[in-house]
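Chain and residue survey
Read off the chains here:
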Amino acid sequence: MRRRAHFVHAPEEIFTRERRRRFDNRGMNRVAVIEDDLPTSNQLAGWIRSARPGIHIDQWFDRDSAEAALARETYDAVVLDIELGRERHAGVALINALNKRRAGVPVLVVSAMPAAIYRSIMKALDAWDYLQKTTFEEADFVETFLEILRVARERGEAKAQPAGDELALDPLWQRTPMWRGQRINLPLTAQRILATLYQRRGEVVSYEELFEVVKSGRNRDNVRKHVSTIRDAFREVDPAFTAIENVPMRGFRWADALARA
């Protein structure tokens, strides 16, 4: 039987060497765990160490010490609870403070607050994801955390885009792409399709490949609707936008030559 996260002392799961190799420590070496309950804090820290041996973890247990650390240290990722002691929304204040000081640091919220209410709130604050205590398993936490580190590394690499690229995509915060200096407003699925097309620019991306980034409605009509949404959003800021090319019966292609026509 798979263990669920009941936040009590429990043996740490041993991950395979293959899995660890998939997520090396390059550029990711400092994490903050902000949780006022000591057993919970230790368990989260233990899961992280199990998945990423050698990573440095700072554990903070109240808002004041955590806020001082976020102002002082440069973290690659932050795991925090919303409630700290008697402060019901201390985590919200910490996220806001972090965004003001070092925008772009990914935050994973782990809280007992109902996910149905707070997940959308955390997303609006630019938190990476929200996990509700007692409703997820260790593997769920680890997969989410490792994905944060992987995409954060890609985000750092994306900053080295060649000069002259007119589309600025940040793979960590995909909901804010920029085209020629102007923000493009897109729903999440459309953002994923856009990122896929741009990463494969110059190549035909098949419908079947695009199905992989569509959570529901995995059919050609739905993909075409999302691409139409992307085009409309670009044309709101650039009426001459023609970068996304339809390839009949196959899929779509981001064509750089068309983008600069």
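This one's a predicted model, so the numbers in the text were calculated from it and none came from an experiment. (Residues numbered from 1 in each chain as written. Predicted model: local features only at pLDDT ≥ 70, side-chain atom pairs only at ≥ 80, totals over all residues. Heavy atoms only, no water.)

Concerning the side chain of S206
Looking at the secondary structure, you find S206 in strand 9 (residues 204-206). Excluding its chain neighbours within four sequence positions, the residues that come into contact with S206 are R250 and G251. (Helix = DSSP H or I, 4+ residues; strand = E, 2+ residues; numbered from the N terminus. Contact = heavy atoms within 4.5 Å.)

A closer look at the pattern of salt bridges
All told, the structure shown has 14 salt bridges when counted by the stated rule. Across the pair D58 and R30 runs a salt bridge, and its minimum N-O distance is 3.1 Å. Here the residue D58 occupies a position in strand 2 (residues 56-60), and R30 occupies one in strand 1 (residues 30-34), the gap between them amounting to 28 residues. Of the residues examined, R30 reaches a relative accessible area of 21% and is grouped as partly exposed. Where K133 meets E35, a salt bridge forms, and the shortest distance between an N and an O atom there is 3.0 Å. (Salt bridge = Lys/Arg side-chain N within 4 Å of Asp/Glu carboxyl O. Buried < 20%, exposed > 50% of the residue type's maximum accessible area, 1.4 Å probe, protein only.)

Looking at the environment of L167
Here L167 shows up in strand 6 (residues 167-168). Taking the C-alpha atoms as reference, L167 lies 8.3 Å from G181; in sequence the two are 14 residues apart.

Quick look at the confidence of the model for the protein
Across the protein, the average pLDDT comes to 79, with 78% of residues at or above 70. By mean pLDDT, the top-scoring element of the protein is strand 2 (95), and the lowest-scoring one is helix 1 (residues 17-22) (43). Here residues 6-26 is modelled with pLDDT under 50, and outside its nearest four sequence neighbours on either side it reaches 43 contacts, counting other chains as well. Per-residue pLDDT stays below 50 along residues 159-164; that stretch engages in five contacts with residues further than four places along the chain or on separate chains. (pLDDT = per-residue confidence, 0-100.)

Quick word on the packing of helix 7 (residues 188-199) against helix 9 (residues 220-237)
Helix 9 packs onto helix 7 with a crossing angle of 85° between their chain directions and a minimal axis gap of 9 Å. One finds that helix 7 runs roughly perpendicular with respect to helix 9. Across from T189, A190, I193 and L194 in helix 7, the residues of helix 9 making contact are H226, V227, I230 and F234. Along the lines of polarity and charge, the residues of the contact of helix 7 with helix 9 split into six nonpolar, two polar and no charged. (Axes fitted to C-alpha atoms, helices over the stretch in contact; angles between N-to-C directions. Parallel < 35°, antiparallel > 145°, perpendicular 65-115°, else oblique. Nonpolar A, V, L, I, M, F, W, Y, C, P; charged D, E, K, R; others polar.)

Remarks on the packing of aromatic side chains
The geometry of an aromatic ring pair comes down to the distance between the two centres and the angle between the two planes. Inspection of the entire model under this criterion finds 10 aromatic pairs. Summarising the aromatic geometry, the rings of F234 and W254 are spaced 6.1 Å apart at their centres and angled 65° between planes, so their arrangement reads as edge-to-face. Here F234 is found in helix 9, whereas its partner W254 is found in strand 11 (residues 251-254), with 20 residues between them in sequence. The burial state of F234 is the same as that of W254; both residues are buried. (Phe/Tyr/Trp six-rings, centres within 6.5 Å; stacked < 30°, edge-to-face > 60°.)

Regarding the environment of V204
Checked against the element boundaries, V204 lands in strand 9. Owing to a relative accessible area of 18%, V204 belongs among the buried residues under this scheme. Separated by 49 residues in the primary sequence, V204 and R253 have C-alpha atoms spaced 4.7 Å apart. V204 has contacts with E209, V247, R250, G251, F252 and R253, leaving out every residue within four places of it along the chain.

Observations concerning the pairing of strand 11
Examined bridge by bridge, strand 9 and strand 11 share three bridges and lie antiparallel to one another. Residue pairing across strands places V205 opposite F252, the latter belonging to strand 11. Judged from the four bridges that link them, strand 10 (residues 244-247) and strand 11 form a sheet pairing that is antiparallel. Paired with E245 across the two strands is R253, which belongs to strand 11. Taking the residues between adjacent antiparallel strands as the criterion, strand 10 and strand 11 are bridged by three residues, where M249 takes a positive phi near 70°. (Pairing = 2+ DSSP bridges.)

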